[in-house]
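The chain contents come next:
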2 protein chains.
Amino acid sequence: MLSKNMIYQINNFSLDNQKLMLYETIFHNANGYIGIRSNFEEGYPDNYQSIRGAYINGFYDLTPVAQAENLYGLTHEKQTMLNIHDVQEIQLMVGGEKFSMFSGTVLKSMRRLDMKKGITERSVLWRSPQGKTVKIDITRMTSFALLPLFTIEYHVRSIDFSGEVKLRSSHIGKAMNYYSTNDPRVAGDHIQHLVPDEAFFADKNTSVILSHTLHSNLSVTTVVRNVLSRKSRIKNRLYENSAAQDFLLKLDKGEEVVLIKYAVFCDSIRYPDCRKKAQKIMNKATASPVKKWYYLQERYLKQFWDTGAVVIKGNEKLSNAITYGLYQLIQSVGKDPYSNVPAKGLSGEGYEGHYFWDTEMYVEPYFLLTHTEIARNLILYRYRTLKEARENARILGHGKGVLYPWRTITGKECSGYFPSGSAQYHINGDIAYSVINYYLVTRDLGFMADYGAEILFETARLWINIGSYYQGSFRICCVTGPDEYTCLVNNNYYTNVLAKHNLKWAAKIYDILKKNEKIAPVAEKIHITESEIQEFREASQHMYLPYNEKLDINPQDDSFLMKKKWPFSKNDFKEYPLLMHYHPLCLYRHQICKQADTVLAHFILEDEQKFSTMKHSFQYYEKITTHDSSLSSCIFCIMASRFGMSEKAYQYFGNSAELDLKNLQGNTKDGIHVANFGGVYMAVVFGFAGLRIKEDGFHLAPALPKEWKGYEFKLRNAGGLFDLMVTDKSVNIKVLSGIPQKIFVYNKPYLLKKSLQVPLRTGAVTE
Amino acid sequence: MLSKNMIYQINNFSLDNQKLMLYETIFHNANGYIGIRSNFEEGYPDNYQSIRGAYINGFYDLTPVAQAENLYGLTHEKQTMLNIHDVQEIQLMVGGEKFSMFSGTVLKSMRRLDMKKGITERSVLWRSPQGKTVKIDITRMTSFALLPLFTIEYHVRSIDFSGEVKLRSSHIGKAMNYYSTNDPRVAGDHIQHLVPDEAFFADKNTSVILSHTLHSNLSVTTVVRNVLSRKSRIKNRLYENSAAQDFLLKLDKGEEVVLIKYAVFCDSIRYPDCRKKAQKIMNKATASPVKKWYYLQERYLKQFWDTGAVVIKGNEKLSNAITYGLYQLIQSVGKDPYSNVPAKGLSGEGYEGHYFWDTEMYVEPYFLLTHTEIARNLILYRYRTLKEARENARILGHGKGVLYPWRTITGKECSGYFPSGSAQYHINGDIAYSVINYYLVTRDLGFMADYGAEILFETARLWINIGSYYQGSFRICCVTGPDEYTCLVNNNYYTNVLAKHNLKWAAKIYDILKKNEKIAPVAEKIHITESEIQEFREASQHMYLPYNEKLDINPQDDSFLMKKKWPFSKNDFKEYPLLMHYHPLCLYRHQICKQADTVLAHFILEDEQKFSTMKHSFQYYEKITTHDSSLSSCIFCIMASRFGMSEKAYQYFGNSAELDLKNLQGNTKDGIHVANFGGVYMAVVFGFAGLRIKEDGFHLAPALPKEWKGYEFKLRNAGGLFDLMVTDKSVNIKVLSGIPQKIFVYNKPYLLKKSLQVPLRTGAVTE
């Protein structure tokens, strides 16, 4: 249960194995650089499963990708995010008795995530089998102020005994990625990717472990330093690939001892001399008391929430769920150009730490509208990997342009099954769309000249290369749209409309930069010519967008409507997701959608179609969409809201908001669904508040779900910041900073200077 | 060089490693049950590569199929044909010198395939390093009369010395499949699939080895018996998994010794008690002198050639190439319902001994028209595997009907990459087409009632299940046609027209069997109803066949013409086959064909289209077909001939006829291209002679390439046999047996009683 003061807390929590695995994810600590799953320091019984994990964003090894038939250009190697040295372990001995949640009696227990402070806590009142009672309070933090730093503050208080207590703090070099015999995706993959090179004590209280990766030629250093609040007998133990410190002391009744365990993670991607650097950073970390880091953590989050909070009035549960989601976004997002947003954040090993289109279409909008510098960094990651995208395009047979990989860490394609992987060329359009949106929100011409334009031009080139004219229209054959239940089709509406947008804006940005005398460097760098720009313009103007007049809808692709509808009524199956129960050929052959595809296109580029076409399309696709992807419901929520179907919108919203907290897809143990959290934000801002980012400014069309009393959030625009508060009566905009700008509310333009109040729209939604 | 008396011979052959590998294939011995590559008995130098192989048709182990992503229903296990115990080895010691082609001096050498006698020979006049000269003559045979029998007759004659000679005849249990680090397709597959259980001497001259397979629960026994023409000192040697016999004797100048090595292969699929049975068969084999088996071999082949020969007058080279090809067909074709025709026959390990559509569309026509009982057996193989095809259909999501596997030994799908594997649903139509042709040639209603109808009904059911009506037409979505450069398309012309044929004939055969009171057993067995038959009829009548009026062609599929044409002129690549140099997505996106697709459909079902449409289609597709498949040229030959383009036809014919003898595709070392040999036959019979098998009888339209003086072959029809001889003046048909039947020559009907002469057509070909 979340509380108003940004706390998600469970009391006297269950020790059921499945629940514990879920909580390992839910209560994980991350800061975009490192992520630590919330495992019990002291471990679990032998028959318990636990995914004990520590991860570094963008740190990977290479593993082979098996291919049944060795066709040209298929992926034979992928990157996989690695589980790093274990720094979590702390064993407590009370006399001769070892503390465990599974022995003795747990009199009281509590776990808590404090999103204001940026810490997790576990508190246990435990009575040992022999009747000694201790209170254990543990606070964990991954620092936003010092990204390589993870801390555990471990309190032990004797309630009713006096006697010997031993604390053992371990630092373990051997780490393996999670392996499950039930999950054939990783079955053959049980390889020790991280090979320890050295474990030693740098000084009395500081252990260092260095390891290298098996294939990727990377290395990582972790440093652990233990600081005890009291004098104790200390015994250092060094094993082959690990180190441990034993602290022995006597505790009187009512007395407390506190161990502060600092751990620093440095990888060789960011820190080429990570061996030295990690020790330096450790010295910095321990130069001040831990409280300083707590203070900086809270300060960082205060700034984050100040701009980034979303408050729902009248529904605390949902409000808190949104808060939880936004907190996961800031925990997950990479803060340097070496990293991006793994699909499961840094909370688990699902999708192997890979970055997908999820970033641009689901996560980036939040940062763009609240913490623009993070959005900028996400674009810089794509800019940095243009080279790999260029190579990828060549592999796929394109002489010009770039093709971004469907899933990746380093920028190289990791997708092994291309029909629903590399064939999703829309990734290029998604990235271009995010660059265009960045421009529309920031109007930052310098950024476009330095970075954005090159991405736009190179992605636009690919559309020219892949497409061709047929009967006067520009067509794109043999790609896969977002809906992975329909693969390798011609003129996927989503892909084509994004390509159109990409081409149009490539030409437009060219003109703008030219006018501002900023075009020369990029034009020279990639040899872009006026005639190429003219090709972009023409292809955009002649882009073929499938339309069915009779139904007044946009078919998902050229042949979608010809296919059989999925026999929902005939087969009384409850076998979702369908992909787990039907051969791809069977799915591809039917009118059945895994997720929003055309509906998503209508959301992001609504001016390409009539209102009626979008509405009819929504109604058409809604009947045949299973939402087997977690990226779907939020989009249907946004579009339901667009059409004034407020109850439907609210229902879709509910499905998304508590996806992980309620483990609705059953796999949160493998990590949080980051994109869905972004989607929940979008459902509020683009859905209920009706925001659209357009060339002429922000457009708002707020609606208020009848279950709510109001909602409020802030938005950045053109360097400014304004607050939007919707009540049951009015839409209230207050400018917090920035110059006056044009804004549309319910399609009516206003010049936003200091504040604006517009009555809340009631009644039917129109075009 | 082949000679008129059916001999393919090379004198003083090269010892180049690549050539030797090629000859291992070219001179292999096989009888449809066993196949032995023509390796040197005495072996090769260490640095030479050799694919030393003995295979049993249909004998396999199971091996895992790696999949990059574990989608539902993908193939995770395949069958692979195994290399069996080595029975070829014979070592000759002349005094202390070991005979080798690579030491001393080869004064003369010769290799020969005698297709009349059914034997291969190697003859070597060899002078040892110390100057002793021996003549070695080796004859090898896989018996058509006793399928498990392989013999080596090994003559050694002293030319110029007297002294000790030792022959060692080995029998080696350890056998591995071929492994090449250059061929990633088998790279991970270097597993010993065949595990020797026992090796022993059953009697003085007879060794026995038993092995079992690692995963498929099969076993195999080989028995070797050595018979020497002279007295000698014999020493039997038994090793862990092998046995050997040493024969020591003295040879005077001019004297000869002959070793006859009998080897018997029995597998547990055909011979559940193969241990005993193999020894029994050995006793039978050695009960008569080897000359008896030579006699029976020649007799078998006399019967084979009597009906099956094709003679080209005026071009001995091509005539011989055809003869070589037909000999490979009888060597390759399975003679029992446990086996079929491996794509490489029993001559090598390419395609792992799998059976494809090659059988029905390229190989079976020859047997149907010459040795009908073998064609019948090939259909029985498909009948026997209906159960597996039914299971396969369920995996692919079809509640009814069967779907034959794209590649298989046991009937279970072995194709790992479904877009150009399992998605080739036309395999169902191909098999149905062959059943229909079997009926049209034999008019054997009993066979249809017992076997054929069930195949037709079950395959027809699948079309109903996969297809659906759209705008009044019956359509089939998301399949792949024969052209593997265009995958997962809608309404592939080839597939649809075959489905139409299949559905039509399922209904027709139902009616015929019903009229003849033979329908009840099969109808009851698979619960086929009149209303289902009516569905077949209607779907057939309403089958959608793509047609483009402007071009007057049948597009290969719905979207084929919209795609870009392959940039032949732009890229000056000589990179064939394209599949080795371009990503599948790149190929799929272009108008580019690996092989005949629509052109093949027009050949087999010409009455579905206008003459002009077929001709225009031929011209259209010819420009964009690379013939990267060995199954393509022969079909283009047939259709070029159909349109009177005789020079073009002749050119295509030449490309096909010498494919293996000249190693035109560079991979004959991995085995012969069996389907191509069938295609060469088809090029003569369906191409130049213009045969079409239709409901109203045989249609002929002979043409004579200007390079030829004439050609002649025999055809079976309705239980009869007739001879067709084409000269530069006339078409001469002579009935050899059978009742009078209707025949069409140049579209004119005749009643063929005893003989018929029609002037050879000259001038333009018309509809």
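Predicted model only: the values in this text are computed from it and were never measured.

How each quantity is defined
Residues numbered from 1 in each chain as written. Chains lettered and ligands numbered in written order. Predicted model: local features only at pLDDT ≥ 70, side-chain atom pairs only at ≥ 80, totals over all residues. Helix = DSSP H or I, 4+ residues; strand = E, 2+ residues; numbered from the N terminus. Contact = placed C-beta atoms within 7 Å. Nonpolar A, V, L, I, M, F, W, Y, C, P; charged D, E, K, R; others polar. Pairing = 2+ DSSP bridges. Least-squares fit on C-alpha atoms with pLDDT ≥ 70 in both. Domains from an automatic or database assignment. Core = buried A, V, L, I, M, F, W, Y, C linked by C-beta atoms within 7 Å. Buried ≥ 20, exposed ≤ 12 C-beta atoms within 10 Å, placed from the backbone.

Colleague: Explain the environment of Ile269 of chain A to me, using residue names and the numbers behind them.
Modeller: Residue and element names in this part refer to chain A. For Ile269, the position within the fold is in the loop between β19 (256-267) and α2 (274-287). Taking the C-alpha atoms as reference points, Ile269 and Val220, separated by 49 residues in sequence, lie 8.8 Å from one another. In this structure Ile269 touches Gly58, Phe59, Leu218 and Tyr338, once residues within four positions along its chain are discounted.

Colleague: Lay out the interface of chain A and chain B in plain terms, naming residues and giving numbers.
Modeller: Counting residues at the interface gives 43 residues for chain A, matched by 43 residues for chain B. Residue assignment for the side of chain A that touches chain B shows that the elements contributing at least two residues are β21 (468-470) and α13 (584-588) of chain A. Looking at the side of chain A that touches chain B element by element, the count peaks at four residues for α13 of chain A. Among the residues forming the side of chain A that touches chain B, the class breakdown is 24 nonpolar, twelve polar and seven charged.

Colleague: How would you sum up the sheet that holds strand β3 (residues 29-30) of chain A? Please name residues and give values.
Modeller: All names here are of chain A. Reading across from one edge, β3-β4-β5-β6 is the order of the four strands in this open sheet, with antiparallel pairing throughout. Edge positions in the open sheet fall to β3 and β6 (77-83), since each of these has one partner strand only. Pairing of β3 with strand β4 (residues 34-36), which is carried by two bridges, proceeds in the antiparallel orientation. If you follow Ala30 over to β4, its bridge partner there is Gly35.

Colleague: Just give me the short version of the relation of the copies chain A and chain B, but keep the residues and values in it.
Modeller: Here the two chain copies are tied together by a rotation about an axis and a shift along that axis. Between the two copies, chain A and chain B, the superposition gives an RMSD of 0.0 Å; the rotation angle is 180 degrees and the shift along the axis is 0.1 Å. The relationship between the two copies is best expressed as a two-fold rotation axis. An overlap of 100% is found between the interface residues of chain A and their copies at the interface of chain B, pointing to a shared contact surface.

Colleague: Outline the domain arrangement of chain A, supporting the account with residue identities and numerical values.
Modeller: Residue and element names in this part refer to chain A. Structurally, chain A comprises domain 1 (7-304) and domain 2 (317-354 + 651-767). Look at where the C-alpha atoms of domain 1 and domain 2 centre, and you get two points 33 Å apart. Counting residues at the interface gives 29 residues for domain 1 and 27 residues for domain 2. Elements with a minimum of two residues in the side of domain 1 that touches domain 2: α1 (17-26), β4, β5 (54-64) and β6. If one sorts the elements of the side of domain 1 that touches domain 2 by residue count, α1 sits on top with five residues. Here the residues of the side of domain 1 that touches domain 2 are counted per class, giving 16 nonpolar, ten polar and three charged.

Colleague: Account for the nonpolar core, naming residues and giving values.
Modeller: Generally speaking, nonpolar side chains in soluble globular proteins are found buried as a group. Ranked by size, the top nonpolar core spans 425 residues in total, and within it Ile34 and Val264 of chain A together with Ile34 and Val264 of chain B carry the most contacts. Built from parts of two domains, this core gets at least three residues from each of domain 1 (7-304) and domain 2 (317-354 + 651-767) of chain A. Sequence-distant contacts of Val264 of chain B, defined by excluding residues within four places in its chain, comprise Pro148, Leu149, Thr222, Val223, Ala278, Ile281, Met282 and Ala285 of chain B.

Colleague: Help me get a handle on the sheet that holds strand β8 (residues 97-98) of chain A, residues and values and all.
Modeller: Two strands in a sheet stick together by hydrogen bonds in their backbones, pointing the same way (parallel) or opposite ways (antiparallel). Residues and elements named next belong to chain A. As summarised here, the arrangement of the five strands in space is β8-β7-β13-β18-β17, forming an open sheet in which the pairing is antiparallel. With partners counted over all chains shown, the strands left at the sheet margins are β8 and β17 (233-238), one partner each. As paired strands, strand β13 (residues 163-172) and strand β18 (residues 242-251) are joined by ten bridges and run antiparallel to one another. Each bridged residue has a counterpart across the sheet, and for Arg168 the counterpart in β18 is Asp246.

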